[in-house]
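# Reading the structure
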Amino acid sequence: LSNSNKKLSILNIQTYLKEGDAFIKKGNFDEAKSSYDKARDLAKQLAAFYRDLNGSFKGLDARIPIEMKEKGRESIKIWAESNARLAALYKRRNEPEVAVPLLVEIVRLMSPESLKGKKAYKELIQLGFVETPYRGL
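Figured I'd write up the structure that's included with this text. Predicted, not measured: the structure shown is a model, and the values here were computed from it.

Let's shift gears to the overall build of the protein chain. Counting its regular elements, the protein chain contains five helices and zero strands. Taken from N to C terminus, the helices and strands of the protein chain fall in the order α-α-α-α-α. Reported as C-alpha extents along the three principal axes, the dimensions of the protein chain are approximately 50 × 40 × 20 Å. Looking at the protein chain as a whole, 35% of its 137 residues qualify as buried. Relative to all contacts within the protein chain whose residues are 6 or more apart in sequence, the contacts with residues 24 or more apart total 53%. Of the roughly 8500 Å² of accessible surface on the protein chain, a fraction of 54% belongs to carbon and sulfur atoms. In the protein chain, which carries 26 positive and 18 negative side-chain charges, the distance between the mean positions of the two groups comes to 3 Å.

Right, let's get into the environment of Ser111. Secondary-structure assignment places Ser111 in the loop between helix 4 (96–110) and helix 5 (115–126). The exposure class of Ser111 is partly exposed, given its relative accessible area of 29%. In sequence terms Ser111 and Ala39 are 72 residues apart; their C-alpha atoms lie 21 Å from each other.

Another point: the nonpolar core. When a protein is soluble and globular, its nonpolar side chains tend to lie buried together. Counting 33 residues, the largest nonpolar core has Ile13, Tyr36, Leu46, Ile78, Leu103, Ile106 and Leu124 as its most contacted members. For this core, the secondary-structure elements that each account for two or more residues are helix 1 (10–26), helix 2 (29–57), helix 3 (63–92), helix 4 and helix 5. With residues up to four places along the chain from it excluded, the contact list for Leu46 reads Leu8, Ser9, Ile10, Ile13 and Ser75.

Along the polypeptide, Leu102 turns up in helix 4. Not counting residues up to four positions away in its chain, the partners in contact with Leu102 are Arg40, Asn83, Leu86, Ala87 and Tyr90.

With that out of the way, let us pick up the side chain of Ser114. As for its position among the elements, Ser114 is in the loop between helix 4 and helix 5. A polar contact of 3.1 Å, which involves the side chain of Ser114, links it to the backbone oxygen of Met110.

Taken together, the side chains of Val104, Leu127 and Phe129 define a hydrophobic patch exposed on the protein surface, amounting to about 250 Å² of accessible area. Mapped onto the elements, Phe129 comes out in the segment after helix 5.

About the thresholds
Residues numbered from 1 in each chain as written. Predicted model: local features only at pLDDT ≥ 70, side-chain atom pairs only at ≥ 80, totals over all residues. Heavy atoms only, no water. Helix = DSSP H or I, 4+ residues; strand = E, 2+ residues; numbered from the N terminus. Buried < 20%, exposed > 50% of the residue type's maximum accessible area, 1.4 Å probe, protein only. Contact = heavy atoms within 4.5 Å. Areas by Shrake-Rupley, 256 points an atom, 1.4 Å probe, with all protein chains shown as cover. Lys, Arg positive; Asp, Glu negative; His and termini not counted. Charge placed at Lys NZ, Arg CZ, Asp CG, Glu CD. Core = buried A, V, L, I, M, F, W, Y, C linked by side-chain atoms within 4.5 Å. Polar contact = N/O pair within 3.5 Å; in protein donor to acceptor, adjacent residues only side chain to side chain. Patch = residues over 30% accessible without salt bridge, like charges linked within 9 Å, V, L, I, M, F, W, Y side chains within 5 Å. Salt bridge = Lys/Arg side-chain N within 4 Å of Asp/Glu carboxyl O.

If you want it as structure tokens, here you go:
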């Protein structure tokens, strides 16, 4: 599954993101949203599967949790990227109320210290959802 474009893979998530980007360039926002939603849903699913496997093998075989932790991190990063693209789409469509939860989730997933977390928090300030600047910015 990890070496080909099968349903349960990071590669498939990346394909959905690329499709969404292509739809954005064509001005087809509904199709872009659909592709970004598929990417986000699959990334969430993969992150949960890897987390479950990680927990199941702790204390039994250290190699497996190490692999699952890394794959889980990759899934979370691409999940945050899917959220960022969806949030940008909603901002572009003047729907900030739908963008806000996605941006909050990016901060939670990536932490306020990460580049993506900082960017998401800045966007929350720009949207007027929060007012206090983060000093780490």
